[in-house]
Amino acid sequence: MLEEWQTSWKNGDTDRKIYNIMPSVSLRPTNWIREDVIFFSQHGPFPACLKRFHLSDSDYCSCGGIDTALHYATECILTVSWHMRKPAPNFEQEWLKRVANNLVSSRKFVGLSNS
């Protein structure tokens, strides 16, 4: 059953953002909390997500940037006290993997989501 699940996860076409961080399935639960899931899946109250699902006409943040989870965490002037260093575009997936496995970084998402 685990092999079947892994094959389905590997060959699926949804949740690729999470797949890129966690390419292997496991029966062990992650230490992720709600805010982690929202950040890494980018399914949350972000205008870019809301626009993708036709729930908003705009994907712009109040500060003028494209409003994604990464925008909030790295460059939005409204969340500057929670910022992390923005990854170079070619290292974004590696950066996300490292952040996902770093408890201190992970807890910043709680602050971001409460901002």
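The structure this text deals with has already been given above.
About the cut-offs
Per-chain numbering applies: the sequence of each chain, read as written, is numbered from 1 onward. Two thresholds apply to this predicted model, a pLDDT of at least 70 for residue-level local features and 80 or more for giving and counting side-chain atom pairs, whereas whole-chain, interface and lining totals are computed over all residues. For the side-chain quantities, the full set of heavy atoms in the structure was used; hydrogens and water were omitted. Counted as salt bridges are all cases of a side-chain nitrogen of Lys or Arg within 4 Å of a carboxyl oxygen of Asp or Glu. Only DSSP runs of H or I reaching four residues or more are called helices, and only runs of E reaching two or more are called strands; each is numbered from the N terminus. Relative accessible area decides the class of each residue, using a 1.4 Å probe on protein chains only: under 20% of the type maximum gives buried, over 50% gives exposed, and in between gives partly exposed. Think of the arc as the fan of directions from the helix axis to the C-beta atoms. Nonpolar cores are built from buried Ala, Val, Leu, Ile, Met, Phe, Trp, Tyr and Cys residues. Side-chain atoms within 4.5 Å join them into one set. Two residues form a contact once any of their heavy atoms are found within 4.5 Å. In this tally, Asp and Glu contribute negative charge and Lys and Arg positive charge; neither His nor the terminal groups of the chain are included.

J.: Tell me about the pattern of salt bridges, residues and numbers included.
T.: One pass over the full model with this rule turns up two salt bridges. In this structure, the salt-bridge partner of Glu75 is Lys86, at a minimum N-O distance of 3.0 Å. You can see Glu75 sitting in the loop between α5 (69-74) and α6 (92-100) and its partner Lys86 sitting in the loop between α5 and α6, a full 11 residues away along the chain. Judged by its relative accessible area of 39%, Glu75 is partly exposed. By relative accessible area, which is 44% here, Lys86 ends up partly exposed. With a shortest N-O distance of 3.4 Å, Arg98 and Glu94 are connected by a salt bridge. With Arg98 and Glu94 both in helix α6, this residue pair falls four residues apart, about one helical turn. Given the relative accessible area of 60%, Arg98 is considered exposed. Note on Glu94: relative accessible area 37%, which makes it partly exposed.

J.: Tell me about α6, residues and numbers included.
T.: Among the residues of α6, those classed as buried are Trp95, Leu96, Val99 and Ala100. Projected down its long axis, α6 shows its buried positions confined to an angular sector of 130 degrees, all on one face.

J.: Any details on the nonpolar core? Residues and values, ideally.
T.: Judged by nonpolar contacts, the single largest core of 21 residues is most densely connected at Phe39, Phe40, Trp95 and Phe109. Only α2 (16-21), α3 (34-41), α5, α6 and α7 (103-113) provide two or more residues apiece to this core. Sorting elements by how many residues they give to this core places α6 first, with four residues. Setting aside chain neighbours within four positions, we find Trp95 in contact with Phe39, Leu70, Thr74, Met84, Arg85 and Pro87.

J.: Give me the side chain of Asp67: which residues, what numbers.
T.: Structurally, the position occupied by Asp67 is in the loop between α4 (47-52) and α5. We note that Asp67 is buried and unpaired, the nearest opposite charge coming from Arg52 at a distance of 11 Å. Every residue in contact with Asp67, bar those within four places of it in the chain, is listed here: Phe46, Pro47, Ala48, Asp59, Tyr60, Cys61 and Tyr72.

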